[in-house]
Amino acid sequence: MNNADLALYAVPAFIAMMGVEWWDARRDPDRAPSGRYGREAVTNWATYAIGQLTKPLLQYVLPFSTIVLVASWTPLHLSPRDWWVWVLGLVVTDFCYYWAHRGDHRIRLLWTAHSVHHSSTHFNLTTAIRLPWLNPIASTMRSLAWVPAALLGFPAWMIFLLNTLGLLYQFPIHTQRVRNLWRPVEFVFNTPAHHRVHHGSNQPYLDTNYGGVFIVWDRMFGSFAAESEPIRYGLTHEIGTGNPLKVNYHEFAALLRDVRDAGTWRGRLGYVFGPPGRRENATETPTGQLTEPSSTVVTTG
């Protein structure tokens, strides 16, 4: 069974959990209005379905994997027969995921793909399957975050498997129906409470809680935020459409427009590799905030 098969076998469980959440939301609609099922859920499922149909195309666009190459070249080789390799592998691959996810929010080229997941103004289990498709440049660049795991000697297939398990772990934390878990669990692991904050588009929630399985990375690297005010879900500038094609490519199209209209090569490169919300004529203050005399610059959520 490969990683794609593993994710496919999980779909019935996902549907069952969505059914429970949908029933609970109908039973108590006032508890979390932004968690209700409606047009957003339809868009989420349509985006997911198109993504599954387009996956085979990537096999021809990306005929090799950097992770596979590095894993074959490294002089280190850890044996999957040792239990501690699996435990260490889970920690290492999740650490790599943290930096990949942080890059998703701080490098606009990566944000063109990841913004798809954040563009829903509702937040429920269907949000977890609102995923980008056919953005091979961003996918290839993002995969470099797992090169250190390959250099350490973890087999490529193990890296892919553990990363898939980490993504499966994140499915049930896309909900408003679970409030808070036991405090030690909340301290170490990513939970629904932490991930709700991550999907917030209002301050102080922007660019926080990047962890996949473990939230301790955010605590260690200063990107942790606890819920302190009502959360507004979606992007700072809403796209206002349920069209899956526009949902998937709206930010990439905006990136191309900005690059086209930039007056300098520095500006063009800044639009591609700088943070979302960056403007060509903006200046950076000592606090790290981008400012522009003619307009207010708002970073994406």
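Here the structure is a predicted model, which is why all the values come from computation and not from measurement.

Considering unusual backbone geometry
Point 1. Following Gln-203, the chain continues to Pro-204 via a peptide bond in cis, the omega torsion being 10°.
Point 2. As for its placement among the helices and strands, Pro-204 is situated in the loop between α10 (192–198) and α11 (216–221).
Point 3. Residues other than glycine seldom take positive phi values, yet Leu-134 does so here, at roughly 50°.
Point 4. With respect to the helices and strands, the residue Leu-134 is situated in the loop between α5 (108–118) and α6 (136–143).
Point 5. We classify Leu-134 as partly exposed; its relative accessible area is 26%.
Point 6. Residues other than glycine seldom take positive phi values, yet Asp-207 does so here, at roughly 60°.

Let's talk about the environment of Thr-112
Point 1. Position of Thr-112 relative to the elements: it lies in helix α5.
Point 2. As a C-alpha pair, Thr-112 and Asn-248 span 136 residues in sequence and 8.3 Å in three-dimensional space.
Point 3. If near-sequence neighbours (up to four positions away) are discounted, Thr-112 is found in contact with Asn-135, Asn-248, Glu-251, Phe-252 and Leu-255.
Point 4. In terms of polar contacts, Thr-112 uses its side chain to reach the backbone carbonyl oxygen of Leu-109, at 2.5 Å.
Point 5. Within the local environment of Thr-112, its side chain forms a polar contact with the side chain of Asn-135, the two groups lying 3.3 Å apart.

Focus: the packing of helix α12 (residues 244–261) against helix α13 (residues 265–273)
Point 1. The interhelical angle for the contact between α12 and α13, taken along N-to-C directions, is 165°, at an axis separation of 8 Å. Here α12 lies roughly antiparallel to α13, going by the angle between them. Here α12 and α13 pass one another in a crossing that is right-handed. Packed against α12, whose contacting residues are Leu-255, Asp-258 and Val-259, the element α13 presents Arg-268, Tyr-271 and Val-272 at the interface.
Point 2. For the contact of α12 with α13, the class distribution of residues is 4 nonpolar, no polar and 2 charged.

Topic: the pattern of salt bridges
Point 1. The tally for this structure, following the rule as stated, stands at 10 salt bridges.
Point 2. We note a salt bridge from Arg-106 to Asp-207, for which the minimum N-O separation is 3.0 Å. In this pair, Arg-106 sits in helix α4 (residues 83–106) while Asp-207 sits in the loop between α10 and α11, placing the two residues 101 residues apart along the sequence.
Point 3. The class of Arg-106 is partly exposed, set by a relative accessible area of 32%.

Structural notes on the environment of Asn-248
Point 1. For Asn-248, the position within the fold is in helix α12.
Point 2. Under the relative-accessibility criterion, Asn-248 is labelled buried at 2%.

Here's the deal with the UniProt feature "transmembrane region" (unreviewed entry) in the protein chain
Point 1. Here the UniProt-annotated "transmembrane region" (unreviewed entry) positions come out as residues 57–77, 83–100 and 144–169.
Point 2. Between the C-alpha atoms that bound residues 83–100 the distance is 26 Å, and the span itself is 100% helix and 0% strand.
Point 3. End C-alpha to end C-alpha, residues 144–169 measures 22 Å, and it is 73% helix and 0% strand.

What to know about α13
Working note: α-helix, 3.6 residues per turn, so residues spaced by three or four point in the same direction.
Point 1. Within α13, burial applies to Gly-267, Gly-270, Tyr-271 and Val-272.
Point 2. Summarising the contacts, the buried residues of α13 are in contact with α5 and α12.

Cut-off values and rules
- Residues numbered from 1 in each chain as written.
- Predicted model: local features only at pLDDT ≥ 70, side-chain atom pairs only at ≥ 80, totals over all residues.
- Heavy atoms only, no water.
- Helix = DSSP H or I, 4+ residues; strand = E, 2+ residues; numbered from the N terminus.
- Buried < 20%, exposed > 50% of the residue type's maximum accessible area, 1.4 Å probe, protein only.
- Contact = heavy atoms within 4.5 Å.
- Polar contact = N/O pair within 3.5 Å; in protein donor to acceptor, adjacent residues only side chain to side chain.
- Axes fitted to C-alpha atoms, helices over the stretch in contact; angles between N-to-C directions.
- Parallel < 35°, antiparallel > 145°, perpendicular 65-115°, else oblique.
- Left-handed = near helix turned anticlockwise from the far one by under 90°.
- Nonpolar A, V, L, I, M, F, W, Y, C, P; charged D, E, K, R; others polar.
- Salt bridge = Lys/Arg side-chain N within 4 Å of Asp/Glu carboxyl O.
- UniProt positions renumbered as here; feature names shortened; annotations may be inferred.

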